[in-house]
Protein chains: 2
Amino acid sequence: MKVTILGCYSATPRTFTNPTSQVLEVRNHLFLIDCGEGTQVQLRKYKIKFSRIKHIFISHLHGDHFFGLPGLISTFRLLGRESELHIYGPKGIKEAVTLFLKLGDSWTNYPLIFHELESKDTELLFEDDSVSVSTIPLDHRVYTNGFLFKEKPAPRKLDVKATTKHNIDRSQFNNIKNGANGKTANGVEVANQKLTLDPPNPKSYAFCSDTAYNETILPLIENVDVLYHESTFLESESRLCQKTKHATAKQAAQIAHKAQVGNLILGHYSTRYKSIDLFKEEALEVFPRVALADDGKSFDI
Amino acid sequence: MKVTILGCYSATPRTFTNPTSQVLEVRNHLFLIDCGEGTQVQLRKYKIKFSRIKHIFISHLHGDHFFGLPGLISTFRLLGRESELHIYGPKGIKEAVTLFLKLGDSWTNYPLIFHELESKDTELLFEDDSVSVSTIPLDHRVYTNGFLFKEKPAPRKLDVKATTKHNIDRSQFNNIKNGANGKTANGVEVANQKLTLDPPNPKSYAFCSDTAYNETILPLIENVDVLYHESTFLESESRLCQKTKHATAKQAAQIAHKAQVGNLILGHYSTRYKSIDLFKEEALEVFPRVALADDGKSFDI
């Protein structure tokens with residue numbers, strides 16, 4: 001798993017900062033999360049292949065999280081895309097995007113499939129052999145979801161050394177990879193676990209933006225490898241959190257601590273602060289493993 | 001009059017090129033023409049004061065001419081704008097923009113006034129003491145207007161030397177500025193024209209994008225000081241003009257020649273060409289005064 005931050009600043013796009021968008025690479029997928037204005041230019045800048053994006057997850061319908069979507073969808077059309085594009089986002093997103101396309105008389109020539117969300121409980125949005133994606137209901141001024149991306153356990157790997165040691169014939173390798181026990185030349189059964197290696201631990205990534213401090217998400221994000229949690233403000237501006245339904249860096253760290261996550265990435269910074277280092281300093285007082293998102297930065301998970 | 005090109009490339013925003021948007025300074029106005037995705041960032045980059053923009057003219061509802069509008073309107077709100085904003089554009093623009101704002105539950109806290117257009121004849125959109133703006137109906141795949149910006153003649157200027165020569169008392173200066181004749185100390189009347197200087201010629205600017213070659217616009221743009229005319233293609237791709245309703249550089253020059261304009265600015269280049277110099281070369285074969293628009297370039301009119 002690898003997440004690339006295309007934009008992580010709140011409110012408005014500026015000359016050197018971009019509103020929220022991220023790309024998550026996991027197994028053979030490239031998921032786009034949120035799509036603020038300018039996302040398509042950021043995708044070009046970081047040489048992310050447009051055709052690999054098949055699923056776009058939109059947290060909520062504030063401009064800094066989705067005003068880049070009609071343009072991206074149109075660009076896909078202009079580039080001759082033919083494959084399906086799935087959009088997951090709050091109810092209303094379909095009407096909004098299709099109205100923009102209709103007004104320009106430029107409907108897509110590829111299948112554009114909307115999955116509109118309105119549940120306040122977690123929902124499974126996507127699942128295949130290797131990955132699942134589900135919602136993390138958040139607490140913001142408008143209906144908002146975070147997203148939880150979980151790898152499924154990979155199959156166990158054949159331990160070639162062990163097969164030699166136990167004198168297992170190659171003809172059994174495929175069956176062993178699929179979970180069968182082995183049999184030695186003398187007909188003695190050898191347990192599958194002795195002939196295979198543990199696969200790497202499946203990874204998980206939780207994207208939580210935008211949201212007020214909200215402990216109800218703890219069971220959903222418990223033990224994730226990486227939590228991206230918004231930190232629009234510092235504690236010195238915590239009075240603004242109630243009204244705007246945003247969180248401080250300290251609050252993000254409290255959530256990370258209580259959910260016992262592996263690492264915390266902060267983002268969605270208000271542009272009132274001179275340095276984003278202040279967010280890290282504040283979070284480190286509560287939780288030890290903190291990284292700062294910044295436009296163009298990638299994190300291996 | 002001065003026009004600043006914020007973006008002048010067709011189709012999609014890219015790392016180093018922007019879709020259509022321009023700012024026209026004329027007398028005390030700052031008019032924004034079209035608003036492709038990323039326009040607000042371009043405005044910041046070229047240090048154009050957001051608060052000076054009170055009128056936005058949208059030619060048509062293709063993404064590369066208006067997908068930056070919801071974001072710009074939202075940013076005005078976030079910056080605490082209080083003054084009226086007038087949007088002129090094709091019917092449907094109000095529904096589209098307001099739907100985006102409604103979904104984000106972020107209606108403006110300043111008056112947002114839409115002037116929806118659907119006439120196929122030229123219309124006067126705005127007029128005050130110093131400037132008028134009217135539509136130039138164009139021929140494109142969707143309903144499209146260009147815009148004609150015309151200064152009104154400024155008042156005649158007092159010729160101080162002439163007042164001395166004719167022995168005119170200072171007490172008459174204001175009346176003379178307002179058009180009255182003067183009177184010498186001896187009571188002899190002196191015609192206003194002898195005591196005042198011609199004001200500078202009023203300037204005019206015509207924005208014509210997007211459009212196929214269309215001679216019906218000639219009477220509207222005749223003798224304008226500067227014509228911005230789209231040139232999406234070169235003649236080598238003229239076969240594409242019919243289907244896409246765009247023009248070649250040569251066609252733009254033919255329009256400039258027939259309308260006897262002062263200068264021609266080309267723009268809305270397809271990104272298939274390696275150098276935009278090719279557009280100028282082609283146009284120069286037909287019309288002698290050709291300039292190339294490019295992002296960030298300004299032209300005094």
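No experiment lies behind these values; they were computed from the predicted model shown.

Trainee: Go over the packing of aromatic side chains with me, naming the residues and quoting the values.
Mentor: Within the structure shown, the criterion is met by 33 aromatic pairs over all chains. Aromatic side chains F207(A) and Y228(A) sit 5.3 Å apart centroid to centroid with 5° between the ring planes, which places their arrangement in the stacked category. You can see F207(A) sitting in strand 14 (residues 204-208) and its partner Y228(A) sitting in strand 15 (residues 226-230), a full 21 residues away along the chain. For F207(A), a relative accessible area of 0% puts it in the buried group. Residue Y228(A) is classed as buried on the basis of its relative accessible area of 0%. Here the aromatic rings of Y269(B) and F279(B) are separated by 4.9 Å at their centres, their planes lie at 50°, and the arrangement is tilted. One end of the pair, Y269(B), is in the loop between strand 16 (263-267) and helix 11 (277-284); the other, F279(B), is in helix 11, and 10 residues separate them in sequence. Here the two residues Y269(B) and F279(B) agree in accessibility, since each one is buried. Taken together through their ring pairs, the aromatic side chains of F31(A), F57(A), Y88(A), F126(A), F147(A), F149(A) and Y205(A) make up a single cluster. Looking at R81(B), its charged tip hangs above the ring of F76(B), at a distance of 4.7 Å from the centre. Here R81(B) stacks its cationic end above the ring of Y110(B), 5.4 Å away from the centre of that ring.

Trainee: Could you give me a rundown of the relation of the copies chain A and chain B, with the residues and numbers involved?
Mentor: Structural alignment of chain A on chain B gives an RMSD of 0.1 Å, achieved by rotating through 180° and translating 0.0 Å along the axis. Put plainly, the chains are arranged around a two-fold axis. Ranked by how close their C-alpha atoms come to the rotation axis, the residues of chain A are headed by G38(A), at 3.0 Å. Counting the interface residues of chain A, we find that 100% of their copies in chain B are interface residues as well, pointing to one common contact surface.

Trainee: Before we move on, can you summarise the interface of chain A and chain B with the specific residues and values?
Mentor: Tallying the contact residues gives 33 residues for chain A and 33 residues for chain B. Considering only the side of chain A, the residues that lose the most area to chain B are F67(A), F100(A) and L103(A), jointly responsible for 24% of the buried surface there. Between the two partners, chain A and chain B, sit 0 salt bridges. For the pair chain A and chain B, the number of links is 10 residue pairs in polar contact (both at pLDDT 80 or more).

Trainee: Now, about the UniProt feature "binding site: Zn(2+) 1" (unreviewed entry) in chain A: what can you tell me, with residues and values included?
Mentor: Residues and elements named next belong to chain A. According to UniProt, the "binding site: Zn(2+) 1" (unreviewed entry) feature falls on H60, H62, H140 and D210. Taken along the chain, the residues just named run across 151 residues; in space they keep tight, none of their C-alpha pairs more than 10.4 Å apart. Residues in contact with H140, not counting those within four places in the same chain, are H60, H62, D210, T211, T244, K245 and H246. Considering the arrangement of structural elements, one finds D210 in the loop between strand 14 and helix 8 (218-221). Those residues in contact with D210 that lie beyond four places of it in its chain are H60, H65, L138, H140, T144, E230, H246 and H268. Here the side chain of D210 touches H60 through a polar contact of 3.4 Å, side chain to side chain.

Trainee: Residues and numbers for the domain arrangement of chain A, please.
Mentor: By a widespread convention, an interface's size corresponds to the accessible area lost as its parts come together. Looking at the assigned domains, one finds that chain A contains domain 1 (2-154 + 200-294) and domain 2 (157-197). Taking only C-alpha atoms, the centre of domain 1 of chain A and the centre of domain 2 of chain A are 44 Å apart.

Trainee: Got a sec to walk through the UniProt feature "active site" (unreviewed entry) in chain A? Specific residues and values, please.
Mentor: Residue and element names in this part refer to chain A. The UniProt entry lists D64 under the feature "active site" (unreviewed entry), expressed in the numbering used here. With respect to the secondary-structure elements, D64 resides in helix 2 (residues 63-66). On the basis of relative accessible area, D64 is assigned to the buried category, the value being 11%. Setting aside chain neighbours within four positions, we find D64 in contact with S10, A11, P19, T20, G36 and H268.

Trainee: Outline unusual backbone geometry, listing residues and values.
Mentor: Cis geometry is found at the peptide bond from S209(A) to D210(A), where omega equals 0°. Of note in the backbone geometry, N223(B) takes a positive phi value of approximately 65° without being a glycine. Looking at the element boundaries, N223(B) is found in the loop between helix 8 (218-221) and strand 15 (226-230).

Trainee: How would you summarise the packing of helix 3 (residues 69-78) of chain A against helix 4 (residues 93-103) of chain A if you had to cite specific residues and measurements?
Mentor: All names here are of chain A. Viewed as axis vectors pointing N to C, helix 3 and helix 4 meet at an angle of 55°, and their least axial separation amounts to 10 Å. The angle between helix 3 and helix 4 places the two elements in the oblique class. By crossing handedness, the relation of helix 3 to helix 4 is classed as right-handed. Here L69, P70, I73 and S74 of helix 3 lie close against helix 4, whose contacting residues are I93, V97, F100 and L101. Of the residues that constitute the contact of helix 3 with helix 4, the class distribution is 7 nonpolar, 1 polar and no charged.

Trainee: Could you give an account of the sheet that holds strand 17 (residues 290-292) of chain A, naming the residues involved and the relevant values?
Mentor: Residues and elements named next belong to chain A. Spatial strand order, 7-8-9-14-15-16-17: 7 strands in an open sheet with mixed pairing. If you trace the sheet from one side to the other, it starts and ends with strand 7 (124-127) and strand 17, each paired once. Recorded for the sheet is a direction-independent mean angle of 20° between the axes of neighbouring strands. Examined bridge by bridge, strand 14 and strand 15 share 4 bridges and lie parallel to one another. Bridge pairing in strand 15 links Y205 to V226. Strands strand 16 (263-267) and strand 17 of the sheet are contacted by helix 11 (residues 277-284), whose axis makes an angle of about 170° with strand 17.

Reading the values: rules and limits
Throughout, residues of each chain are indexed from 1 in the direction in which the sequence is written. Working convention: letters from A go to chains and numbers from 1 go to ligands, in the order in which they are written. Owing to the predicted nature of the model, reporting of local features is limited to residues with pLDDT of at least 70; listing and counting of side-chain atom pairs is limited to 80 or more, with chain, interface and lining totals taken over all residues. By convention in this description, side-chain values take in all heavy atoms of the structure and omit both hydrogens and water. Each pair of aromatic rings taken from Phe, Tyr and Trp, with Trp reduced to its six-membered ring, is defined by centres within 6.5 Å and is described as stacked if the planes are under 30 degrees apart, edge-to-face if over 60, and tilted in the remaining cases. Under the DSSP-based scheme used, a helix requires at least four consecutive residues in state H or I and a strand at least two consecutive residues in state E, with every element numbered from the N terminus. Each residue's exposure class comes from its accessible area (1.4 Å probe, protein chains only) as a fraction of the maximum for that residue type: buried when under 20%, exposed when over 50%, partly exposed otherwise. Think of it as a cone above the ring: NZ of Lys or CZ of Arg counts as a charge over the ring if it is within 6 Å of the ring centre and within 35 degrees of the ring normal. Superposition of the copies used a least-squares fit over C-alpha atoms from residues whose pLDDT is at least 70 in both. Only heavy atoms enter the contact rule, under which two residues are in contact if any of them lie within 4.5 Å. By definition, the buried area sums, over both parts, the 1.4 Å-probe accessible area that each loses when the two are put together. One speaks of a salt bridge when a side-chain nitrogen belonging to Lys or Arg is within 4 Å of a carboxyl oxygen belonging to Asp or Glu. Pairing of N or O atoms within 3.5 Å defines a polar contact, subject to two protein rules: one partner must be a possible hydrogen donor and the other a possible acceptor, and residues neighboring in sequence count only if both atoms are side-chain atoms. UniProt positions are given in the numbering used here, feature names are shortened, and annotations may be inferred rather than shown by experiment. Bear in mind that the domain bounds are from an automatic or database domain assignment. Angular values range over 0 to 180 degrees, each being the angle between N-to-C directions of two axes fitted as lines to C-alpha atoms, with helices fitted over their stretch in contact. Each angle receives one of four descriptions, namely roughly parallel if under 35 degrees, roughly antiparallel if over 145, roughly perpendicular if within 65 to 115, and oblique otherwise. In a left-handed crossing the near helix is turned counterclockwise from the far helix by less than a right angle, and in a right-handed crossing that turn is clockwise. Gly falls in the polar group here, along with every residue not listed as nonpolar (Ala, Val, Leu, Ile, Met, Phe, Trp, Tyr, Cys, Pro) or charged (Asp, Glu, Lys, Arg). Pairs of strands are assigned from DSSP output, requiring at least two bridges between the strands.

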